[in-house]
Number of protein chains: 2
Amino acid sequence: MTHTSPVDSYHVINLAQKFGLFSEQWKPKVVAQMNDYQFKIARLEGDFIWHTHFDTDEAFLVLEGELRIDFRDGSVLLRQGELYVVPKGVEHKPYAAREVKLMLIEPHGTLNTGEQTGERTAQNDLWI
Amino acid sequence: MTHTSPVDSYHVINLAQKFGLFSEQWKPKVVAQMNDYQFKIARLEGDFIWHTHFDTDEAFLVLEGELRIDFRDGSVLLRQGELYVVPKGVEHKPYAAREVKLMLIEPHGTLNTGEQTGERTAQNDLWI
């Protein structure tokens, strides 16, 4: 069986090191890709906008701090080491009282604001 | 916009709590699903077998301990908070000198032994 990957792909992603490379909030950065899915890290603080991803689920893993995700009829609170998958089509709004560091896992091309593109829409596919 | 998800889906996954539910090694457990991808947690210790996933990349995130992934021409060492994506078609062999706790992210249906099915092949799609 031949090895098809170049040696320079043997590169481990250290999430803490990646967080050290930026301080801006609400601007997810891609750190890895698996098939057509991307791993993104972000710093969030304060309130976001209500939005929906009509064509995909979206996974949140909290690495440091606390994240609340509001729904129209409830909410979830995620602490460090906690994972939540927002189902496709479910309107939601992230909120963090203090800065939270998290990882998002979602298909390439997913916008942070879903269908609600506007001033809170971050540049997509930005690697760090 | 209507909310399409039942309230009982507002269930956060605490990874430490999930690890408390099992102690066996080399038996990945599904904790969440995003579209057709699954989040699996596992305890690994010792040596695994060489295998390849011909149809998918495979992501490893180390939650506690250290994981080495050997390739035919190199290796990577992942510590806590480190992520690595084994590219599709690349033969690899996980190894841990002491028990490591990790999360795998891969498509539903991915077997732990890839094409090398046999005694080390774990039951698939086992939720915890």
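These figures come from a predicted structure and were not determined experimentally. (Residues numbered from 1 in each chain as written. Chains lettered and ligands numbered in written order. Predicted model: local features only at pLDDT ≥ 70, side-chain atom pairs only at ≥ 80, totals over all residues.)

S.K.: Looking at this structure, I do not really get the pairing of strand β7 (residues 82-86) of chain A. What am I missing?
M.R.: Note on strand geometry: in a regular strand, side chains alternate between the two faces of the sheet. Counting buried positions over the five residues of β7 of chain A gives five, a clear majority of the element. Alternating residues of β7 of chain A divide into Glu 82, Tyr 84 and Val 86 of chain A and Leu 83 and Val 85 of chain A, and every residue in both groups is buried. The pairing of strand β4 (residues 58-64) of chain A with β7 of chain A spans four bridges and is classified as antiparallel. Looking across to β7 of chain A, one finds that Ala 59 of chain A is bridged to Val 85 of chain A. Looking at chain direction, β7 of chain A and strand β1 (residues 13-14) of chain B are connected through two bridges and run antiparallel. (Buried ≥ 20, exposed ≤ 12 C-beta atoms within 10 Å, placed from the backbone. Helix = DSSP H or I, 4+ residues; strand = E, 2+ residues; numbered from the N terminus. Pairing = 2+ DSSP bridges.)

S.K.: Help me understand the UniProt feature "domain: Cupin type-2" (unreviewed entry) in chain A in this model?
M.R.: Cross-referencing UniProt, the feature "domain: Cupin type-2" (unreviewed entry) maps to residues 47-102 of chain A in the present numbering. When the span residues 47-102 of chain A is considered, its composition is 0% helix and 59% strand, and the gap between its end C-alpha atoms is 15 Å. (UniProt positions renumbered as here; feature names shortened; annotations may be inferred.)

S.K.: For this particular structure, what's the right way to read unusual backbone geometry?
M.R.: Even without being glycine, Asp 125 of chain A reaches a positive phi, approximately 60 degrees. Inspection of the secondary structure assignment puts Asp 125 of chain A in the segment after β8 (93-107). One non-glycine residue, Trp 26 of chain B, lies in the positive phi region at around 65 degrees. Position of Trp 26 of chain B relative to the elements: it lies in the loop between α1 (15-19) and β2 (29-34).

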